[in-house]
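Understanding the architecture of this molecule
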Amino acid sequence: MGSFISISDFSSLVVATAAAITAFYAFKGVSEWRNRLRVEVEYKIARELLESVYRFRDCIASIRTAFTPYVPALEEEHPGESQASLNFLGIKDFYEERYKNIGEARLKLYAPLLQAEVLWGAEVRNFVDELVLKEKLFILKLKNYIATQDPKLGDLERASLEASLRGFEIFEVDDKDKFSAEFGLLVKQMEGFLKPKLNVK
């Protein structure tokens, strides 16, 4: 007698097949959703980090401008000081306020950087570390420059500080000076790393 499938067995087979198909598409849907979510998270972090890098770069660019203080206004704040001392105090106040802004911009790099490092590894941190190293060298040179403007500074100390500044361009001449070129190259490398993650389709 030939074998046959009972209605009960057939029903079970249909139910099992339907369950397998449902599970397959459910898994596929969850996988696609997870992939989409990851892409969106990567986009958000890449954008935040790149924006933070641009703010950091712009803060540094804003301080690389020679400044001449308005002495009459300073005379009211510091009566009895010499013209040279007033000039020094004006320069000191101007640049100190701006390198505080650089420090704040640097701190704002670290939250998106930490998230980026979790996603993409140490390479992205290496870019930022290089930028921060350049910034700290610049701030050190800037502080030395400010100190040389103090008329009360001793001759030997002034000569030492001026020697430390030789070959380093505090103020930006154009975007081809050494500091601008090296800093700009690091920013471009970061753009090359992060911009592909902004291409969400």
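Here, every reference points to the structure presented above.
Let me begin by describing the structure that accompanies this report. All values derive from a computational prediction rather than experimental measurement. (Residues numbered from 1 in each chain as written. Predicted model: local features only at pLDDT ≥ 70, side-chain atom pairs only at ≥ 80, totals over all residues. Heavy atoms only, no water.)

Another aspect to go through is the environment of Tyr-99. One can find Tyr-99 in helix H3 (residues 83-120). Setting aside its immediate chain neighbours within four residues, Tyr-99 contacts Ile-63, Ile-139, Leu-142, Lys-143 and Ile-146. (Helix = DSSP H or I, 4+ residues; strand = E, 2+ residues; numbered from the N terminus. Contact = heavy atoms within 4.5 Å.)

This brings us to the nonpolar core. Core analysis: the biggest nonpolar cluster contains 40 residues, and Leu-49, Phe-56, Phe-138, Leu-142 and Met-190 have the highest contact counts within it. Looking at this core, the elements that each hand over two or more residues are helix H1 (7-63), H3, helix H4 (122-148) and helix H6 (178-194). When residues in this core are grouped by element, the largest group, 12 residues, is from H3. Leave out the neighbours within four places in its chain, and Leu-142 touches Ile-63, Tyr-95, Tyr-99 and Ile-170. (Core = buried A, V, L, I, M, F, W, Y, C linked by side-chain atoms within 4.5 Å. Buried < 20%, exposed > 50% of the residue type's maximum accessible area, 1.4 Å probe, protein only.)

The subject of this paragraph is the side chain of Lys-141. Looking at the element boundaries, Lys-141 is found in helix H4. Of the buried charged residues, Lys-141 lacks a salt bridge, with Glu-182 as the closest side chain of opposite charge at 12 Å. Apart from residues no more than four positions distant in its own chain, Lys-141 is found in contact with Ser-164, Leu-165, Phe-168 and Ile-170. (Lys, Arg positive; Asp, Glu negative; His and termini not counted. Salt bridge = Lys/Arg side-chain N within 4 Å of Asp/Glu carboxyl O.)

Another aspect to go through is the packing of H4 against H6. Contact pair H4 / H6: the axes reach a minimum separation of 10 Å and the direction vectors enclose 160°. Considering their axes alone, H4 and H6 lie roughly antiparallel with respect to each other. Handedness of the crossing formed by H4 with H6: left-handed. Across the interface between the two elements, Glu-123, Val-124, Phe-127, Val-128, Glu-130, Leu-131, Lys-134 and Phe-138 from H4 touch Phe-179, Glu-182, Phe-183, Leu-186, Val-187, Gln-189, Met-190 and Phe-193 from H6. (Axes fitted to C-alpha atoms, helices over the stretch in contact; angles between N-to-C directions. Parallel < 35°, antiparallel > 145°, perpendicular 65-115°, else oblique. Left-handed = near helix turned anticlockwise from the far one by under 90°.)

The next point concerns the pattern of salt bridges. Applying the stated rule across the entire model yields eight salt bridges. Asp-58 serves as the salt-bridge partner of Arg-57, at 3.1 Å between the closest nitrogen and oxygen. Taking the relative accessible area as the measure of exposure, Arg-57 reaches 31% and is therefore partly exposed. According to the relative accessible area criterion, Asp-58 is partly exposed, its value standing at 42%. Between Arg-106 and Glu-135 there is a salt bridge whose closest N-O contact spans 2.9 Å. Of this pair, Arg-106 sits in helix H3 while Glu-135 sits in helix H4, and the two are 29 residues apart along the sequence.

We now examine the environment of Leu-119. Note that Leu-119 resides in helix H3. Each C-alpha atom, one on Leu-119 and one on Glu-42, is 7.8 Å from the other, the two residues being 77 residues apart in sequence. Once you skip the residues sitting within four places of it in the chain, Leu-119 turns out to touch Arg-38, Val-41, Glu-42 and Ile-45.

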